[in-house]
Structure formats: C-alpha cells, structure tokens
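Residues per chain, in single letters:
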Amino acid sequence: MRRLTAGLVLLLAFATPAAADRPARDTAIVQRAIEDYIRPATGRFARETGALHRAVAGFCKTPDTASRAALDDAFRTAVEGWSGVQFLRFGPLVDDHRMERIAFWPDPKGIGQRQLRRALADRDASVTDPEQLAGKSVALQGLTAIEYLLYGDGGDAPDDFRCAYAVAASKTLAGVTAAVADDWAAADGIARRLVRPDADDPLYRTPAEALAELHRALATGLQVVQDQKLKPVLGDDMAGAKPFVAPFRRSGLTIEVLAADAFALMAFVDLGGFTRGLPEDYGWLANSIAFEFENAVKAAESVTLPIDEAVYDEAARGRLDYLSVVLGNLRTMIRQDLAAALGLKVGFNALDGD
C-alpha cells in the first residue's frame, strides 16, 4: 500500500462560477474522472493481472524462494489494483459477470470454497483449461480462487494439478481485466456515453445522470468497505469477531486491502475534481472530505498485525473501529452533503436490495 500513497496531495476547492453552467460542470467532472482515474486504473489493473499470470506460471515452473517472492509481490499488487477499480460497479465491470469472475467475494455461504475443494478432489481437468474455466462457475475463477490455490492448505507447495489450475485461473483473470480496460478505453464505448449523454440513451440522458452514476459508485464503494469488509469482521465485540470472513485473509492482505480501498476512493474524488468549485454554502466540504479520507488511510495503515490477530488486539481493534467511524462520516458527507452540493438526487445503489 505504501507504493500507492506516496506523493498524493488532495486538491482543495477553488473558485468557479457555482451552478452557472451546471451541465458543463457535470461533464467536466465526468471527463476528469474517466481520463485521469478510471482509464489509468483499469489499464494498470489489466497489466497487473497479466504480470500475476506470468508470476504464477514462473513459480509453478520453478518453485523456489525467488519465484515465490515474485508471486507474492505480483499477487499483492493485483489485489491492491482490484481495490482501485472494484467500486466502479456499472458498465464494463458488471457486464458478463466480470466483477464476480475477478473476485467472488463476499461468499457468506462458502460456495466458492466448496466448489474449489470439489474441483481439487475430483482432479477436474477442465479447470486447467482457460477457455473451459471461463465458462464455469464464477466461484472457480479470479483472485479469490488463485488465493485459495496458492495460499490455502497446500498452497505453499502446490502439486502439478493445483499449479495447472492456478495458471489457467490467472490467464482467465488477465483476459477479463483486459476486456474491462478495453471497454473503458474504447472511443465509442461507455466513456463516450458518459461524457456525451443523449436523450435517447436509457441510462445517461443528461450530464447530471452521468455524474450521478459516478457519485453512486463512490458512495457504494464506501458502503462496501464499511459494511462488507470491516463490520462483519469486527463484530460487536471481540467475542463476536469473525476474521475468517475477511477479504484476502489467507494471503494476509486484508489490512492492505482496507488501506488500498480508502486510498482509491480518495484518489477518485481528487482526480475527478468532485469537490472543486462547490457552492459557497458547501465550501467546507472539500477540506472535510480530504481530511477524513486521509484519516481513513492512516488508520488502516497503522494496523501492523494480520487480521486474525488484529481483531483480538485492543490497540489494533481500536484503530479498525476508528476506521469504521471515519468511513461512516465519509458516507454521510458523500451521500448527503456532496450530492446536495452537486445538485444530485440520491437513488438506489448497486447494493440496495441485497
């Protein structure tokens, strides 16, 4: 995570004509968010998963200390890269179940683990073929499957079948992330629809509707971190803690994921310019959002214990509780105050009804 945080300084609000030309302002935010954040992040993530595929193949071909270190680094980088795009729950990421194919989580019923164990027990050769694997259950694919194969029981010294499966899964993953990046990069794709909304477009008829999509993604991202990744893990007290449901626990990356999530959302706000030139009544909001995001990143990065220990350690747990409070503050400011400042109507998000 330290590689991500170096040098970022959030921009503060500066004077622009408030609501003088709201459609132009909305389009400017959308365009900045796409050009300066979404396209670079999805393109980078595709490259990172490609590097992960090469690292998995290299480790399985020559399983030694050096190749394992390269695998660990590539997996951590890809997982943090997923934090950078997973909140964009619309368009390219949700087409063809790509989000679930990249990471099948949360999995409260343990479906993924049961399917993975069955495939390993049956020595199902079809999971070692990337083309066949791509058409199988999403629970058998993606980062979560790769983590189970290479960081679960037997992952330190995987046999030939387990390795062949991991290589296939990493290749399939790289293909999915490349498709997401390509869709965002396309000149006539989702980016064009958002930047040039049209009355005949069923989703994006106006600049305000396009901006609302990005605002909803931001709010949903915060909700996922607090309500899915943090609260169930902490429980109401130490006795109710459930570290085994934490994301990427087997690889020891849960804390890094929380920090990467907070950083990514902070960068999205910053680079998209969501808080620039807000109406005078909301002049306080830019600094407040920036301050709370910085607190969230610092709180996550201050936890040095793995999640299995952190939830039972008073000091570490206190920092995670504080992170949850900060995330709640951010959710309120984003969903209510920022929406009001931008003149947006708050509607349903990707998690409503789950």
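For clarity, every value in this text was computed on a predicted model and none was experimentally measured.

S.K.: With reference to specific residues and values, describe the overall build of the protein chain.
M.R.: Counting its secondary structure elements, the protein chain contains 14 helices and zero strands. When the helices and strands of the protein chain are read in sequence order from the N terminus, they spell out α-α-α-α-α-α-α-α-α-α-α-α-α-α. Whereas a compact globule of 354 residues would reach a radius of gyration of roughly 20 Å, the protein chain reaches 21 Å, a difference of no more than 12%. Projected onto its principal axes, the C-alpha positions of the protein chain cover 65 × 50 × 40 Å. Among the 354 residues that make up the protein chain, the fraction classed as buried is 51%. With the model as given, the accessible surface of the protein chain reaches about 15700 Å², and the carbon-plus-sulfur share is 51%.

S.K.: Describe the packing of helix H10 (residues 207-234) against helix H11 (residues 254-272), naming the residues involved and giving the relevant values.
M.R.: Angle between the axes and distance between the axes: these two values describe a pair of packed helices. Across the interface, H10 lies against H11 with an axial gap of 11 Å and an inter-helix angle of 165 degrees. As judged from the angle between their axes, H10 and H11 are roughly antiparallel. For the pair H10 and H11, the sense of crossing is left-handed. Taken together, the residues of H11 that come into contact with H10 (itself represented by Leu214, Leu218, Gly221, Leu222, Val225, Lys229 and Leu230) are Val257, Leu258, Asp261, Leu265, Phe268 and Val269.

S.K.: Kindly report on the layout of surface pockets, identifying the contributing residues and their values.
M.R.: Here the largest pocket is characterised by a volume of approximately 580 Å³. What lines the largest pocket is a set of 22 residues, and nearest its centre among them are Trp105, Asp107, Phe244, Val245 and Arg250. Those elements that place two or more of their residues in the lining of the largest pocket are helix H5 (111-122), helix H7 (142-151) and H10. Its residues placed into classes, the lining of the largest pocket shows twelve nonpolar, five polar and five charged.

S.K.: I'd like a description of the packing of H7 against helix H8 (residues 160-185), backed by residues and values.
M.R.: It is at 9 Å that the axes of H7 and H8 come closest, and there the two elements cross at 160 degrees. Between H7 and H8, the crossing angle belongs to the class labelled roughly antiparallel. Our pair here, H7 against H8, has a crossing hand that is left-handed. In contact with Gly142, Leu143, Ile146, Tyr148, Leu149 and Leu150 of H7, H8 contributes Arg162, Tyr165, Ala166, Ala169, Ser170 and Leu173. Residues belonging to the contact of H7 with H8 are distributed by class as follows: nine nonpolar, two polar and one charged.

S.K.: Summarise the pattern of salt bridges; cite the residues concerned and give the values.
M.R.: Applying the stated criterion across every chain, the model contains 15 salt bridges. The salt bridge partner of Asp26 is Arg25, with a shortest N-O separation of 2.6 Å. One exposure class covers both Asp26 and Arg25, and it is buried. Across the salt bridge formed by Arg39 and Glu35, the nearest N and O atoms sit 2.6 Å from each other.

S.K.: Can you tell me about the state of the cysteines, naming the residues and giving the values?
M.R.: In a disulfide, the sulfur atoms of two cysteines are held together by a covalent bond. All told, the structure shown has one disulfide when counted by the stated rule. The disulfide that involves Cys60 links it to Cys163, with 2.1 Å between the sulfurs. Of note, the bridge from Cys60 to Cys163 carries an S-S torsion of about -90 degrees and is left-handed in sense. Linking Cys60 in helix H2 (residues 22-61) with Cys163 in helix H8, this pair joins segments that are 103 residues apart in sequence. The class for Cys60 is partly exposed, based on a relative accessible area of 22%. The buried category is assigned to Cys163, whose relative accessible area is 8%.

S.K.: Explain the environment of Val30 to me, using residue names and the numbers behind them.
M.R.: Mapped onto the fold, Val30 is located in helix H2. Placed 177 residues apart in sequence, Val30 and Pro207 show a C-alpha to C-alpha distance of 8.2 Å.

S.K.: Can you tell me about the side chain of Thr254, naming the residues and giving the values?
M.R.: Structurally, the position occupied by Thr254 is in helix H11. For Thr254, a relative accessible area of 2% puts it in the buried group. At 2.6 Å, the side chain of Thr254 forms a polar contact with the backbone oxygen of Pro247. In contact with Thr254, not counting residues within four places along its chain, are Ala246, Pro247, Phe248, Arg249 and Ile307.

S.K.: An account of the environment of Gly58 is needed here, citing residue identities and associated values.
M.R.: Position of Gly58 relative to the elements: it lies in helix H2. Between the C-alpha atoms of Gly58 and Leu71, which are 13 residues apart in sequence, the distance is 8.1 Å.

What counts, and where the lines are drawn
- Residues numbered from 1 in each chain as written.
- Predicted model: local features only at pLDDT ≥ 70, side-chain atom pairs only at ≥ 80, totals over all residues.
- Heavy atoms only, no water.
- Helix = DSSP H or I, 4+ residues; strand = E, 2+ residues; numbered from the N terminus.
- Rg over C-alpha atoms; globule rule 2.2 N^0.38 Å.
- Buried < 20%, exposed > 50% of the residue type's maximum accessible area, 1.4 Å probe, protein only.
- Areas by Shrake-Rupley, 256 points an atom, 1.4 Å probe, with all protein chains shown as cover.
- Axes fitted to C-alpha atoms, helices over the stretch in contact; angles between N-to-C directions.
- Parallel < 35°, antiparallel > 145°, perpendicular 65-115°, else oblique.
- Left-handed = near helix turned anticlockwise from the far one by under 90°.
- Contact = heavy atoms within 4.5 Å.
- 1 Å grid on protein atoms, 1.4 Å probe; cavity = no way out; pocket = protein on both sides within 12 Å on 5 of 7 lines; lining within 4 Å.
- Points joined across faces, edges and corners; volume = space filled by probe spheres on them.
- Nonpolar A, V, L, I, M, F, W, Y, C, P; charged D, E, K, R; others polar.
- Salt bridge = Lys/Arg side-chain N within 4 Å of Asp/Glu carboxyl O.
- Disulfide = S-S within 2.5 Å.
- Polar contact = N/O pair within 3.5 Å; in protein donor to acceptor, adjacent residues only side chain to side chain.

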